[in-house]
Amino acid sequence: MKRDVLLLLTMFLFQVFLIAQAPTLPPSGDNYKSILTQYIGSLVHVTVQYNSPDVTGPDGSDRTGKIWGTPVAHYGMIDQGFGTSKAAPWRAGANECTTIQFSHDVHIEGQPLPAGTYGLFLLLSETGPWTWIFSKNSSGWGSYFYDPGEDVLRVNVMPKDHPHTEWLNYTFSERKSTETTLELQWELKSVPMKITVPDMTDLYIAKLDREFQGVAGFTASNFTAAANYLLEENYNLPKALEWVDRSMEGFFGRTYFTTLSTKAQILLKMNQTEEGVLILEKAMDMPDANVFQVHQLGRSLIALGKTGEALRIFSRNHEKNNGDWPTKVGMVRGLSAAGLYSDALIYAEAALSQAPDQVNKDALRNMITKLKVQKDVN
């Protein structure tokens, strides 16, 4: 008897399971699920998931001019007649709740927002700014269950006129290494939000430190590349010094022109001039140091504002390589950076006859023109 009951129960549950498995059919109505991900730099990413309706109505009618401020995308807070919310903003899409996910902490229009997934709503205003709302509730259907007590952040932005967009679309309209602009575009409007990543360089430092605990930490050049990154950013130079020293230490460490010149530039930027100059001279004596590497080092020193040290490097490169190309050009740049334009002009005119191609000849003629009117060529 018990066995029969158990068998019947099992069959019943199996039938329920089968009924619950709905088949995958085409979407009903004129809106489609969409998902969009954008990286900021190589670490931080933003993902928007939404349903995308079109301007054309279900009956095929043109709803242009009948989107904003209508039941489709309503102004203010309204009672939609369903759910728990009696004052709901627009769902910023269709059907399910529009969601936005941030892999790391960000700033939205300058205001901090922790990493996580949020329900994204938009409060429209007939006059004045519109308001993006980030809610803890990212699973409710539409905005029927919107609760202002679950708001994590609100930011005001101004909507903009925009060329006709048939399908509601989210796009990242501007992209930079530490920021991006996300826009909702639909019908004749766009609504932006600026997303920035505070302390991006610190995120890279933390990531690199973790990577250096693994396989990447057994390759000397990885530490040099990381040190050069901080040198270029002019950020956390003690950390850059630590990394370049590690590139020359241990059983995998290697001491090359590149590592020594990187260390020297870091020290000079930290105003440790005496030690930096000594290491520069050591770098120039390395077997792998060639005329072009030293020339580039001199240019890097000019960029750092170390004109005296740069001229010293260019002069030594010129002497060591018997005035060969491009050491005369180095002298032009070094003397010009030091304000010695007449002396630089002599080297520029001599270098012109050595220029290996038309591009370099044209560059030198341009330098000569500047030097004749006492202008820096760098």
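In what follows, the structure referred to is the one given above.
Here is what the cut-offs are and how they apply
- Residues numbered from 1 in each chain as written.
- Predicted model: local features only at pLDDT ≥ 70, side-chain atom pairs only at ≥ 80, totals over all residues.
- Heavy atoms only, no water.
- Salt bridge = Lys/Arg side-chain N within 4 Å of Asp/Glu carboxyl O.
- Helix = DSSP H or I, 4+ residues; strand = E, 2+ residues; numbered from the N terminus.
- Buried < 20%, exposed > 50% of the residue type's maximum accessible area, 1.4 Å probe, protein only.
- Phe/Tyr/Trp six-rings, centres within 6.5 Å; stacked < 30°, edge-to-face > 60°.

**Q** Quick question: what am I supposed to make of the pattern of salt bridges here?
**A** Close approach of charged atoms allows side chains of opposite charge to pair. All told, the structure shown has 13 salt bridges when counted by the stated rule. The closest approach of N and O atoms between D209 and K239, which form a salt bridge, is 3.0 Å. Residue D209 is located in helix α2 (residues 200-211), and its partner K239 is located in helix α4 (residues 237-246); the two are separated by 30 residues in the primary sequence. Between R312 and E281 there is a salt bridge, with its nearest N and O atoms 2.3 Å apart. You can see R312 sitting in helix α8 (residues 307-320) and its partner E281 sitting in helix α6 (residues 273-284), a full 31 residues away along the chain. Among the residues examined, R312 registers a relative accessible area of 47% and is labelled partly exposed. For E281, a relative accessible area of 22% corresponds to the partly exposed category. Taken together, the shared-partner salt bridges connect K176, E179 and K194 into one network.

**Q** Just checking my understanding: could you explain the packing of aromatic side chains for this structure?
**A** Each aromatic ring pair is summarised here by two numbers: the centre-to-centre distance and the angle between the ring planes. On inspection of all chains with the given rule, the structure shows 20 aromatic pairs. Each ring, one from W68 and one from W90, has its centre 5.5 Å from the other, and the planes form 85°; the classification is edge-to-face. In this pair, W68 is assigned in the loop between β2 (44-53) and β3 (99-102) and W90 in the loop between β2 and β3, connecting sequence segments 22 residues apart. This pair shows no difference in class: W68 is buried, exactly as W90 is. Measuring from ring centre to ring centre gives 5.7 Å for F212 and W243, while their planes differ by 85°; the resulting arrangement is edge-to-face. Here F212, found in the loop between α2 and α3 (220-233), pairs with W243, found in helix α4; they are 31 residues apart in sequence, far enough to count as distant. Given the relative accessible area of 0%, W243 is considered buried. Through a chain of ring-to-ring contacts, the aromatic side chains of F212, F218, F223, W243, F251 and F252 assemble into a single cluster.

This is a description of form; function is not addressed.
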